[in-house]
Amino acid sequence: MAQRSQAIQQLLDAEKKAGDIIEASRKAKGRRLRQAREEAAIEVDECRRLQEEEFRTIVSQNQGSGDDFKNAVDRETEHQLRTVAHQVAMNRHSVISRLLELVTDVKPEIHENLRLSARPGGC
């Protein structure tokens, strides 16, 4: 009987030892998971920092080209305004003369509607 209780005690000790090993394994797994999360967070932060830095660089490069584009548009607009002003100065007298000619040279005619109603049987 003593041998039996000793065997049972050994089994209980082995079970307790296995439980302790399992518990230690779970704790180690938890530590590894926390460490992996921390490392991933650090890596994500570093990646985010690099992406933001690259974005700022691209924005600053494009900002300069935006000013160049604005200056080019301003120059083109000024050129077109000078061209239009020159054309106005060149054609002003001929346009005014033509308008005055059309306004003062009146040719009296009977309106088409009056001509239609003057016909026999017209409405």
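Residues numbered from 1 in each chain as written. Predicted model: local features only at pLDDT ≥ 70, side-chain atom pairs only at ≥ 80, totals over all residues. Heavy atoms only, no water.

A. The arrangement of the overall build of the chain in detail. For the chain, the helix and strand inventory stands at two helices and zero strands. Computed over its C-alpha atoms, the radius of gyration of the chain comes to 48 Å, more than 25% above the 14 Å expected for a compact globule of 123 residues. With the C-alpha coordinates of the chain rotated into their principal frame, the extents come out at 145 × 55 × 10 Å. (Helix = DSSP H or I, 4+ residues; strand = E, 2+ residues; numbered from the N terminus. Rg over C-alpha atoms; globule rule 2.2 N^0.38 Å.)

B. Looking closely at the pattern of salt bridges. As enumerated under the stated definition, the model contains seven salt bridges in all. Close ionic contact of D20 with K16 constitutes a salt bridge, the shortest N to O distance being 3.6 Å. Of this pair, D20 and K16 both sit in helix 1 (residues 2–104), four residues apart, roughly one helical turn. With relative accessibility at 45%, the residue D20 sits in the partly exposed group. Across the salt bridge formed by R98 and E101, the nearest N and O atoms sit 3.2 Å from each other. On the criterion of helical spacing, the pair formed by R98 and E101 is a turn pair, its members being three residues apart in helix 1. You can call R98 partly exposed: its relative accessible area is 45%. Judged by its relative accessible area of 44%, E101 falls in the partly exposed class. Connected through salt bridges with shared partners, the residues E46, R49 and E53 form a single ionic network. (Salt bridge = Lys/Arg side-chain N within 4 Å of Asp/Glu carboxyl O. Buried < 20%, exposed > 50% of the residue type's maximum accessible area, 1.4 Å probe, protein only.)

C. Structural view of a positive patch on the surface. Residues R26, K27, K29, R31, R32, R34 and R37 make up a contiguous surface patch of positive charge. Judged by relative accessible area, R26 falls into the exposed class, the value being 58%. (Patch = residues over 30% accessible without salt bridge, like charges linked within 9 Å, V, L, I, M, F, W, Y side chains within 5 Å. Areas by Shrake-Rupley, 256 points an atom, 1.4 Å probe, with all protein chains shown as cover. Lys, Arg positive; Asp, Glu negative; His and termini not counted. Charge placed at Lys NZ, Arg CZ, Asp CG, Glu CD.)

D. A look at the environment of R31. Locating R31 in the fold gives a position in helix 1. Residue class for R31 comes out partly exposed when judged on its relative accessible area of 48%. Distance from R31 to A2, taken between C-alpha atoms, is 43 Å for residues 29 residues apart in sequence.

E. Fine view of the environment of R32. In this structure, R32 sits in helix 1. Under the relative-accessibility criterion, R32 is labelled exposed at 52%. As for R32 and R4, which are separated by 28 residues in sequence, their C-alpha atoms are 41 Å apart.

F. Spatial organisation of the environment of V106. Tracing the backbone through its elements, the reader meets V106 in the loop between helix 1 and helix 2 (112–118). In this structure V106 comes out as exposed when scored by relative accessible area, which is 61%. Taking C-alpha positions, V106 is 70 Å from R56, a pair spaced 50 residues apart along the chain.

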